[in-house]
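Fold and geometry: a report
So you can see what is in the structure, the chains are spelled out below.
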Amino acid sequence: MTLQRQIGFWLGSLVVFVLFLVLLRDILLPFIAALALAYLLDPLADRLERMGMSRLAATIVILIVFILIFAVALVLLAPLLGQQLAGLVARLPGDAAKLQALILEKGAPWLERFGGGELTKEAQNSLGNLVGEATKWAGGLLQSLWTGGTAIVGVFSLLVLTPVIAFYLLVDWDRMVATVDSWLPRDHRDTIRGLVREMDTAIAGFLRGQALVCLLLGGFYAVGLSLVGVNFGALIGIISGFLSFIPYVGSLTGLVLAVGVATVQFWPDWTWPLAALGVFLAGQFLEGNIFQPKFVGDSIGVHPVWLMFALLAFGSLFGFVGLLVAVPLAAVIGVLCRFVLRQYLGSNLYRGLAPPRPKGIEVEIDLER
């Protein structure tokens, strides 16, 4: 098979795969969650196998322990979080209106000083529209998460189907990897294996490390905001920790929610809103200087600009599922791009087709001149 036909075959396969994902994106969440769970737990299953357990027994033990831990956490946290979520949905419009009035009250003198009454009126209208739309969107999102039939079906499939799918994937993981390896083109098998090992290092380091970082951050934010006394502090902290799996999104979402709620709750006392801000600043310090370097490091190898582009692109294509898989897919694409760049730099397209002339000839020409 010629090089052009090989490139055409793989590009066609990629297009078909992307179309398949786009068409079925609404049902992919439990399968992606199960795949990630099996991928994360495979090293533990391999370790239990080396200790003398069969693959089936190791998988059963791992999933039973995981489900028990998850069930206990759900039983302990679900009542508290459910109550706080219902309260946040009910109070969000009123708190947003109070925050809007507070911003306009304190900002109006500055706007009148620099822009006059027209600028103040335009700012009031713009801020009112912005806060109104944001409140409507956030309230609708929270309400749909709380009562929506589609969301309930999604949560049910996530909680019920994910462990079942993960069980079958984990049992057959090594067999599936060996089968896929046997399908690799013989001429390029070593190259593909090297790329897959590089991808595995990047993805595994990020997934396992970032999952632990999210857990630690969620606990820190929840405890810190609860100690400060912010309404719905535990819920805001856990949401921030969970969304920290999506870089930049979790910290910004939690910061806006926590400071906004604390400002409305404690106004005119600025002490506690600043304390809530301090909780997130401390969390960002811990994440950037302790958690990330220790548990994640530089394993992903992706520039922040490319990471933000990946988040927007995959989020636009696949919604929330796209946000979850954006970082691992960005790491995979980064590995492939670096490989293509290495191939280009070593090819005649970069160096040129004509061989370099020996230095002796250049000297002789100069002497003749």
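Since the model is a prediction, treat every value here as computed from it, not as a measurement.

This part is about the packing of aromatic side chains. Taken as a whole, this structure holds seven aromatic pairs when the rule is applied. Both rings, one in Tyr 221 and one in Phe 280, keep their centres 4.4 Å apart while their planes meet at 20°; by these two values the pair is stacked. Separated by 59 residues along the polypeptide, Tyr 221 in helix 6 (residues 189-228) and Phe 280 in helix 9 (residues 271-296) bring together distant segments of the chain. The exposure class of Tyr 221 is buried, given its relative accessible area of 0%. Members of the aromatic cluster, joined through ring pairs, are Phe 220, Tyr 221 and Phe 280.

This paragraph deals with the packing of helix 6 against helix 7 (residues 233-243). Closest axis-to-axis distance for the helix 6/helix 7 pair is 7 Å, and the angle between their directions is 160°. Judged on the interaxial angle alone, helix 7 and helix 6 are roughly antiparallel. Both helix 6 and helix 7 take part in a crossing whose hand is right-handed. In this structure, helix 6 contributes Cys 214, Leu 217, Gly 218, Tyr 221, Ala 222, Leu 225 and Ser 226 to the contact, and helix 7 contributes Gly 233, Ala 234, Ile 236, Gly 237, Ile 238, Ser 240, Gly 241 and Phe 242. Residue classes in the contact of helix 6 with helix 7 are distributed as nine nonpolar, six polar and no charged.

For helix 2 (residues 29-50), spanning 22 residues, the distance from its first C-alpha to its last is 32 Å, which sits close to the expected 32 Å at 1.5 Å a residue. The largest bend in helix 2 is about 40°, located at Asp 42, with the proline Pro 43 one to four residues further on. Along helix 2, the residues classified as buried are Pro 30, Ala 34, Leu 37, Ala 38, Tyr 39, Leu 41, Asp 42, Ala 45 and Leu 48. The positive-phi residue at the C-terminal boundary of helix 2 is Gly 52, with phi of around 115°.

The next subject is the nonpolar core. Ranked by size, the top nonpolar core spans 58 residues in total, and within it Leu 225 and Val 230 carry the most contacts. Leave out the neighbours within four places in its chain, and Leu 225 touches Val 230, Gly 233, Ile 236, Gly 237, Ala 258, Ala 276, Val 279 and Phe 280.

What follows concerns the confidence of the model for the protein chain. The predicted model of the protein chain has a mean per-residue pLDDT of 76, with 74% of residues at 70 or higher. Looking across the protein chain, the model is least confident in helix 13 (residues 359-368), with a mean pLDDT of 47, and most confident in helix 5 (residues 173-182), with 90. Between residues 144-153, whose pLDDT stays under 50, and residues either more than four places distant or in other chains, the model counts seven contacts. Ignoring residues within four places in sequence, the model shows residues 361-369, a span with pLDDT below 50, making two contacts including any to other chains.

The geometry of helix 6 relative to helix 9 is characterised by a closest axis approach of 10 Å and an angle of 160° between their N-to-C directions. One way to sum up the angle between helix 6 and helix 9 is to call them roughly antiparallel. Pair helix 6 / helix 9 crosses with right-handed handedness. A breakdown of the residues in the contact of helix 6 with helix 9 according to their chemical character gives 19 nonpolar, seven polar and one charged.

A few words on the pattern of salt bridges. In this structure the tally under the stated criterion is seven salt bridges. In this structure, Glu 49 and Arg 55 form a salt bridge, with 3.0 Å as the shortest nitrogen-oxygen distance. Taking the relative accessible area as the measure of exposure, Glu 49 reaches 29% and is therefore partly exposed. The salt bridge partner of Glu 198 is Arg 338, with a shortest N-O separation of 3.8 Å. Here the residue Glu 198 occupies a position in helix 6, and Arg 338 occupies one in helix 11 (residues 320-345), the gap between them amounting to 140 residues. Judged by relative accessible area, Glu 198 falls into the partly exposed class, the value being 28%. Salt bridges sharing partners connect three or more residues here, namely Asp 42, Asp 46, Glu 49, Arg 55 and Asp 174.

Attention shifts here to helix 8 (residues 249-266). Under the 1.5 Å per step criterion, the end-to-end length of helix 8 is 26 Å for 18 residues, consistent within 8% with the ideal 26 Å. Within helix 8, burial applies to Gly 250, Ser 251, Gly 254, Ala 258, Gly 260, Val 261, Ala 262, Thr 263, Val 264 and Phe 266.

Scoring rules and cut-offs
- Residues numbered from 1 in each chain as written.
- Predicted model: local features only at pLDDT ≥ 70, side-chain atom pairs only at ≥ 80, totals over all residues.
- Heavy atoms only, no water.
- Phe/Tyr/Trp six-rings, centres within 6.5 Å; stacked < 30°, edge-to-face > 60°.
- Helix = DSSP H or I, 4+ residues; strand = E, 2+ residues; numbered from the N terminus.
- Buried < 20%, exposed > 50% of the residue type's maximum accessible area, 1.4 Å probe, protein only.
- Axes fitted to C-alpha atoms, helices over the stretch in contact; angles between N-to-C directions.
- Parallel < 35°, antiparallel > 145°, perpendicular 65-115°, else oblique.
- Left-handed = near helix turned anticlockwise from the far one by under 90°.
- Contact = heavy atoms within 4.5 Å.
- Nonpolar A, V, L, I, M, F, W, Y, C, P; charged D, E, K, R; others polar.
- Expected span 1.5 Å × (residues − 1).
- Bend = angle between axes of the 7 residues up to and from the residue.
- Core = buried A, V, L, I, M, F, W, Y, C linked by side-chain atoms within 4.5 Å.
- pLDDT = per-residue confidence, 0-100.
- Salt bridge = Lys/Arg side-chain N within 4 Å of Asp/Glu carboxyl O.

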